[in-house]
Amino acid sequence: MEITNVNEYEAIAKEKLPKMVYDYYASGAEDQWTLQENRNAFSRILFRPRILLDVSKIDMTTTVLGFKISMPIMVAPTAMQKMAHPEGEYATARAASAAGTIMTLSSWATSSVEEVASTGPGIRFFQLYVYKDRNVVAQLVRRAERAGFKAIALTVDTPRLGRRESDIKNRFTLPPYLTLKNFEGLDLGKMDEANDSGLASYVAGQIDRTLSWKDVQWLQTITKLPILVKGVPTAEDARMAVQAGAAGIIVSNHGARQLDYVPATIIALEEVVKAAQGKIPVFLDGGVRRGTDVFKALALGASGIFIGRPVVFSLAAEGEAGVRKVLQMMREEFELTMALSGCTSLKEITRNHIVTDWDAPQARLVPKL
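Described in the following lines is the structure provided in the data block. Here the structure is a predicted model, which means the values were calculated and not measured.

## Remarks on the overall build of the chain
A tally of regular secondary structure across the chain gives 14 helices and 12 strands. Whereas a compact globule of 369 residues would reach a radius of gyration of roughly 21 Å, the chain reaches 20 Å, a difference of no more than 12%. C-alpha extents for the chain along the principal axes are approximately 60 × 50 × 40 Å. Considering the chain as a whole, with its 369 residues, one finds that 56% of them fall into the buried category. Pairs at least 24 apart in sequence give 72% of the contacts found in the chain among residues at least 6 apart. One way to put it: in the chain the 44 positive side-chain charges average out to a point 3 Å from where the 41 negative ones average out.

Printed below as a string of C-alpha cells:
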C-alpha cells in the first residue's frame, strides 16, 4: 500500500509495535478529550483563498532564532525513540538534517546529545526537563552546548506527569535493553518497574516540582543558548515568558498528555501570539498532521510548528526513510496549500486567509477588508 498521508503511518505503527510502546506514544491523559480536540479544532478553521495570483514560485524558507531552515515545519522532542526503531534518534536527526529543518532532542532520548551530534551536520535544539539535582541540569546543558545544540526548549508543563491510563494499565517502563542515554553515567538512566506507570514513578522521584519563573532566569546564568519556553497555553504566561527573557514560546499541551480538558493548541495560539506582541516568536505543537494545519497555524500568528507523533509513527513503520517521507509529505502539502491560497512566501500568509468558528458570525459572511 502506498502511503499518501501522514496519518496512515499510525495504523502501521500500531501493527508493528508492542502494545505498551504504541500506547505510550499514542495515548493522552485521562479521558483523552484534549487528544481528540488537538486534531478536531483544525477542522473548525476554513480557508479564504485568493485567486488569479502568480504562484509559479513558492518560497517556504524561514529563520528560527536566526537559523535559516527550508520550511516552518520542525521536529518536536519525543522521548525514547529506540522503542520505535533500533536507530531511534539517529534516524530522526539524519532525516531532519536532510530536510533542512530543526530536530529537537528529548532529555529522555535513548541516544545521547553526543551520539546525535555524531550523525553529522544539522540544526538541533535540546528539550530540557529540570531535575531536583540542579548539578545534573547544569551538566546536561553544558553537554548540549558542547555538542553543538543551538537552543534549549524548557518544558514547563510537567511538574508532575499527567495521568495516562494506558501506561498505568500496561505498567509502562523503558524496555530493559534501553536506557535514557543522557543520564546513563549519573545512575538516572534506568526506569524501575512500578505498580502503575514506571515513567510516572521516575518523574515523581526526579523532576523538580518547585520549578518557577525564577528558574528561567537561573538557566540564563548557566548557558548562552537561547531558551524557548515550551508548554505555554495562556496570554498571562506568554507575558511572563517575555518578561523572563525567553527567546521564544512554544504553545503546547504536551501532546494532550498532561492536563486533560485544556484547549487545543491551535485554539490557544492566537491569545498567546497577541500577548507576545511580536517581541518574541511563538511556535506551536500538537495535532499537526497536514500541510493545511501548518498554514492555519501560521495564519493565526505562529512562526513555525513542531511535529511529534508523526515522527515516531513513521520511524516505527519505515525507520529513517519514514521520517524523511513524513517531512516531505508535510512540505508538499504545505506548498500546495500556499499556492491554492494565493501565497508565495510565508509573510503573505495572513489572518485574512482563514475564518474560524470563534470569529464573529458576520465575519464568516462579510470579512472586514
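## Looking at the packing of helix α10 (residues 235-243) against helix α11 (residues 265-276)
Close contact between α10 and α11 brings their axes to 8 Å; oriented N to C, the two are set at 35 degrees. Of the two elements, α10 crosses α11, and the hand of that crossing is right-handed. Contact residues: α10 offers A235, E236, A238, R239 and V242, while α11 offers E271, V272, A275 and A276.

## Some details on α10
When we look at burial in α10, the residues that qualify are A235, A238 and A241. Down the axis of α10, the buried set is contained in an arc of 115 degrees. They therefore lie on one face. Taken together, the buried residues of α10 touch α9 (213-222), β8 (227-230), β9 (248-251) and α11. Backbone geometry just after α10 places G245 at a positive phi near 85 degrees.

Conventions we followed
Residues numbered from 1 in each chain as written. Predicted model: local features only at pLDDT ≥ 70, side-chain atom pairs only at ≥ 80, totals over all residues. Heavy atoms only, no water. Helix = DSSP H or I, 4+ residues; strand = E, 2+ residues; numbered from the N terminus. Rg over C-alpha atoms; globule rule 2.2 N^0.38 Å. Buried < 20%, exposed > 50% of the residue type's maximum accessible area, 1.4 Å probe, protein only. Contact = heavy atoms within 4.5 Å. Lys, Arg positive; Asp, Glu negative; His and termini not counted. Charge placed at Lys NZ, Arg CZ, Asp CG, Glu CD. Axes fitted to C-alpha atoms, helices over the stretch in contact; angles between N-to-C directions. Left-handed = near helix turned anticlockwise from the far one by under 90°. Arc of directions from axis to C-beta.

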